[in-house]
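Structural features, examined
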Amino acid sequence: MTEFFASLTAGVLVFVAGYGGLQGPLGRQAACVLAYLAALLVFLCVVGGAKAMRAYAQGREPEEKHGIARYFSFDVDHKVVGVQYTVAAVVIFLVGGTLALIMRLELARHGLQFLMPDQYVTVMSLHGITMVVVALIATAGGLGNFIVPLQIGARDMAFPRLNALSFWLLPPAVILLLSSPFLGGLDFGWTAIAPLSTQGTTIGKQLFLLAFVTAGFSSIFGGVNFVATVLTMRAPGMGWRRVPIFTWSIVAAAIIQIMGTSVVAASLIMVTFDRVLHTTFFNSDLGGNVLLYQHLFWYYSHPAVYIMILPAFGAILEILPVYARKPLFAYKLVAGALLTITALSFIVWAHHMFTSGMWMLLKLPFMVNTELISIPTGVVFLAVMGTLWKAKLRLDSPMLWALAMVANFLIGGLTGIPLADAPTDLHLHDTWFIVAHFHFTIMGGAVFGFFAGFHHWFPKMTGRRLNEALAKTQCALMFVGFNAVFIPLFWLGNHGMRRHVADFPAWMDPVQTFASLAALVVGSSAIVFSYNVFISLRGGEAAGENPWEALTLEWKTPSPPPHGNFKTPPVVAGEPYDYGASA
Amino acid sequence: MQAAITMNADWREDEGGRVGLWLFILSEILLFGAFLASYVGTRLGNPDCALGVAAWPEAGHLPGLTMAALNTLILLTSSYTMVRAISRAERGDRAGFRANMIATVVLGLGFLVVKSAEYALKISHGYYPGSELAKANAGLSIFLSYYYMLTILHGLHIVAGLIWNGVAYYASADAPMPSVARRAEYAGLYWHFVDVVWVFLFPLLYLI
């Protein structure tokens, strides 16, 4: 019956889209919106959402699936969803990385090589939004879904079906994004700033908005699920002071997902209304206010960077004690710091708007609030340094990734200060200095943190170990290549190289060519990575229960964990980081 | 640390659902909060539509106030039947639950019918975004923008609530009563939330 209702609704939507949109008064934009909703419904039914919904209505337990096909279906096991998220993140990362290489090739020297300026902006916009999706889902969605229930000793997430739904909303969003260049392209970056996004009738822009809102639903559902899971499903004995730091970081990120995402959805819905129904929210001739868009958008989109970075902090803070064989330094303080960052993240958004013409008096509080964030971030660094202090390090590949992440994020964090200060930001706004800054935090921080976690938990997720030599090679190539690409960008930005532009003066050529060559090194690291995963999945060394001799709960069950996670429900009797001096 | 060991016994097995639903409602509050803050901010900051400005359509000047008042009554009544449905389900009265739930669904559908009639009336008078009337008057244009967006989104939430209620009703035919009661409670939480949103929308859009 669920399928019947779904296909009926889809049919009605398609009819209204076809009749009202193409023939009648609604127009092409509305037809596009309705047709997408119909397609989304049908897609969710096809992958098995309708069946799961019916099982819910009838009060049946979700069915247990086996074999490789479960990874391509609406499977409710959190471990399957975690793997789906991780694989999706890596695939999208490779797509976004290819787009970045295309841009870097275009930028190898001055003048236009093979892209028109508008094509360059489309490639840039797609690179931006796909990488935003990657950074949002890789650690929080992929590793979080797999690891968090294991770490707290739970059987699964609180809402397994909702979990599957939040994953399956992503593929349609990504397909929409990747099809937009063929339907008119995007010219507004990943931010869809109004009124640029409300003007122009290309379908590509509309698809971007729909994709963003769809991914937003996915993010809200994921956030609700994580917080409910950690609140109510911890194993007996796991009080708040025994929750592993990675789980803390996921909770912090999930709070932002819950409290921020719906606001950005509001701004994108308003743009969609402006495009489809001729409302005038962002048309200042007819009572609208263009700055409103930026306020709503950045209210979410600044905290969104903490959805990306907090789980990465959590991952490296989880990893460092294992390979330093020492307790995590200042555990309680750093858990508090993660929550403090979460709280502060909601009152800093207007530092993106120092040049926007907003009310002058707002600049000071937003500047001060932004700088306050460096205090809890400093606490994270304190915990890192305290944990490493006088430790005998085991330099396995996850540890190398974690140390590389710390080094990168230090640069990313420090270069954020001149951007938080309104006077210096006036000079640096919209230049490549900002581009370099956020690549050091998001790529150098969030993505390196993801790779650290990926290498740390790969044995748990698959039961096999990665090839260490290849893993270390990849880490070295990516670290050196990445720094070589982006450190020169600070200098170029400070000398006036602007974002979103395909061309530049000839005197920049040597530096730009150097960055382009370095980008190829980053690209080659992705090839090493793919090869390593491929051979390790086929013939990697068996990992056993606990290859890294870690103490958290996920290592107290076979790799990969069986359905239901633990043979006997675990009871927690000690602290998560009790590494003695003898270890 | 001994005290910490029993802490999770505080959570019953079904508690996750209630927590999750409240978190989702928190997210929804921020969605409507963003819209309402934008609406209030627009009215405060914009010379075209501040209170008392001639261009701004005051309260009852637009057709449809009576219908909106009727809709308020309908939704408040549906909240009452929802409360009855939940309490019947908790007492184990299957028939009583089903009767009250049907009444809630019918009232929700009634709300949508009245709302459609109100849209039709407004559109027939030329009160819609992009109309000649709206293009000539900035205050009217921005008011209609907010009016249609807020009421359409609220309408979609009503539809979602109706589906939720429908599932709870459908499942109550043969499910054990404790599970019916739990579903009723969740559906009820969401339905009350949707009603409360209307309680904010009605004065903001029609009275002030």
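What counts as what
Residues numbered from 1 in each chain as written. Chains lettered and ligands numbered in written order. Predicted model: local features only at pLDDT ≥ 70, side-chain atom pairs only at ≥ 80, totals over all residues. Helix = DSSP H or I, 4+ residues; strand = E, 2+ residues; numbered from the N terminus. Buried ≥ 20, exposed ≤ 12 C-beta atoms within 10 Å, placed from the backbone. Contact = placed C-beta atoms within 7 Å. Rg over C-alpha atoms; globule rule 2.2 N^0.38 Å. Nonpolar A, V, L, I, M, F, W, Y, C, P; charged D, E, K, R; others polar. Expected span 1.5 Å × (residues − 1). Axes fitted to C-alpha atoms, helices over the stretch in contact; angles between N-to-C directions. Parallel < 35°, antiparallel > 145°, perpendicular 65-115°, else oblique. Core = buried A, V, L, I, M, F, W, Y, C linked by C-beta atoms within 7 Å. Left-handed = near helix turned anticlockwise from the far one by under 90°. pLDDT = per-residue confidence, 0-100.

Below, the discussion takes up the overall build of chain B. Broken down by element type, chain B carries six helices and zero strands. The order of helices and strands in chain B, counted from the N terminus, is α-α-α-α-α-α. Residues classed as buried in chain B amount to 38% of the 208 residues present. Across chain B, contacts joining residues at least 24 apart in sequence account for 73% of those joining residues at least 6 apart.

Looking now at the overall build of chain A. Scanning chain A from terminus to terminus reveals 20 helices and zero strands. For 583 residues, the compact-globule estimate of 2.2 N^0.38 gives 25 Å, and the C-alpha radius of gyration of chain A, at 24 Å, lies within 12% of that figure. Seen through its C-alpha atoms, chain A measures out along the principal axes to roughly 70 × 65 × 45 Å. Classification of the 583 residues of chain A by burial places 55% in the buried group. Residue pairs in contact within chain A that sit at least 24 positions apart in sequence constitute 83% of those at least 6 positions apart.

All right, on to the interface of chain B and chain A then. With 37 residues of chain B in contact, the opposing surface of chain A contributes 39 residues. Secondary structure elements with two or more residues in the side of chain B that touches chain A: α1 (15-45) and α5 (138-171) of chain B. For the side of chain B that touches chain A, a count of residues per class yields 22 nonpolar, twelve polar and three charged.

A few words on unusual backbone geometry. All names here are of chain A. Look at the link from Ala-194 to Pro-195: it is a cis peptide, with omega at 5 degrees. Counting through the fold element by element, Pro-195 comes out in the loop between α7 (170-179) and α8 (203-232). The amide bond that connects Ser-559 to the next residue, Pro-560, takes the cis arrangement and shows omega of -15 degrees. Even without a glycine there, the phi angle at Ala-330 is positive, about 55 degrees. Positionally, Ala-330 belongs in the loop between α11 (303-324) and α12 (331-345).

Residues and elements named next belong to chain A. Its 31 residues give helix α20 (residues 509-539) an end-to-end C-alpha distance of 45 Å, which sits within 8% of 45 Å, the value for a rise of 1.5 Å per residue. Listing the buried residues of α20 in full gives Gln-512, Ala-515, Ala-518, Ala-519, Val-522, Ser-525, Phe-529, Asn-532, Val-533 and Ser-536. Close packing links the buried residues of α20 with α4 (78-106) and α19 (468-494).

With that settled, the discussion passes to the packing of helix α9 (residues 245-276) of chain A against α12 of chain A. All names here are of chain A. Between α9 and α12, whose axes approach to 9 Å, the crossing angle comes to 10 degrees. Relative to α12, the element α9 is oriented roughly parallel. Contacts between α9 and α12 involve Ile-245, Trp-248, Ser-249, Ala-252, Ile-255 and Ile-256 on the former and, on the latter, Tyr-331, Val-334, Ala-335, Leu-338, Leu-339, Ile-341, Thr-342 and Ser-345.

Counting 244 residues, the largest nonpolar core has Ala-135, Ile-137, Val-227, Ile-316, Ala-402 and Met-405 of chain A as the members making the most contacts within it. Excluding residues that lie within four positions of it along the chain, Ile-316 of chain A makes contacts with Ala-402, Met-405, Val-406, Gly-449 and Ala-452 of chain A.

Residue and element names in this part refer to chain A. The terminal C-alpha atoms of α9 lie 45 Å apart, and with 32 residues this matches the ideal 46 Å at 1.5 Å per residue to within 8%. Most of α9 sits inside the fold, with 32 of its 32 residues counted as buried. Looking one or two residues beyond α9, the residue adopting positive phi is His-278, at roughly 60 degrees.

Residue and element names in this part refer to chain A. Look at α8 against α9: their axes get within 7 Å of each other, and the N-to-C directions meet at 150 degrees. As the angle between them shows, α8 and α9 are arranged roughly antiparallel. For the pair α8 and α9, the sense of crossing is left-handed. When its residues are assigned to classes, the contact of α8 with α9 shows 18 nonpolar, ten polar and one charged.

Within the secondary structure, Glu-549 of chain A is located in the segment after α20. Expressed as a C-alpha distance, the spacing of Glu-549 of chain A and Gly-445 of chain A, which sit 104 residues apart in the sequence, is 25 Å.

Moving on: the environment of Met-508 of chain A. Residues and elements named next belong to chain A. Mapped onto the fold, Met-508 is located in the loop between α19 and α20. A residue is classified by how many C-beta atoms lie within 10 Å of it, and Met-508, with 19 of them, is partly exposed. Taking the C-alpha atoms as reference points, Met-508 and Leu-492, 16 residues apart in sequence, are found 7.7 Å from one another. For Met-508, the residues in contact, after removing those within four places along its chain, are His-110, Leu-492 and Met-497.

What follows concerns the confidence of the model for chain B. Chain-level pLDDT for chain B is 86 on average; 87% of the residues reach the 70-or-more range. pLDDT under 50 marks residues 1-11 of chain B. Its contacts with residues more than four places away, or in other chains, come to ten contacts.

Right, let's talk about the environment of Gln-474 of chain A for a bit. Along the polypeptide, Gln-474 of chain A turns up in helix α19. Not counting chain neighbours up to four residues away, the residues in contact with Gln-474 of chain A comprise Ser-525, Val-528, Phe-529 and Asn-532 of chain A.

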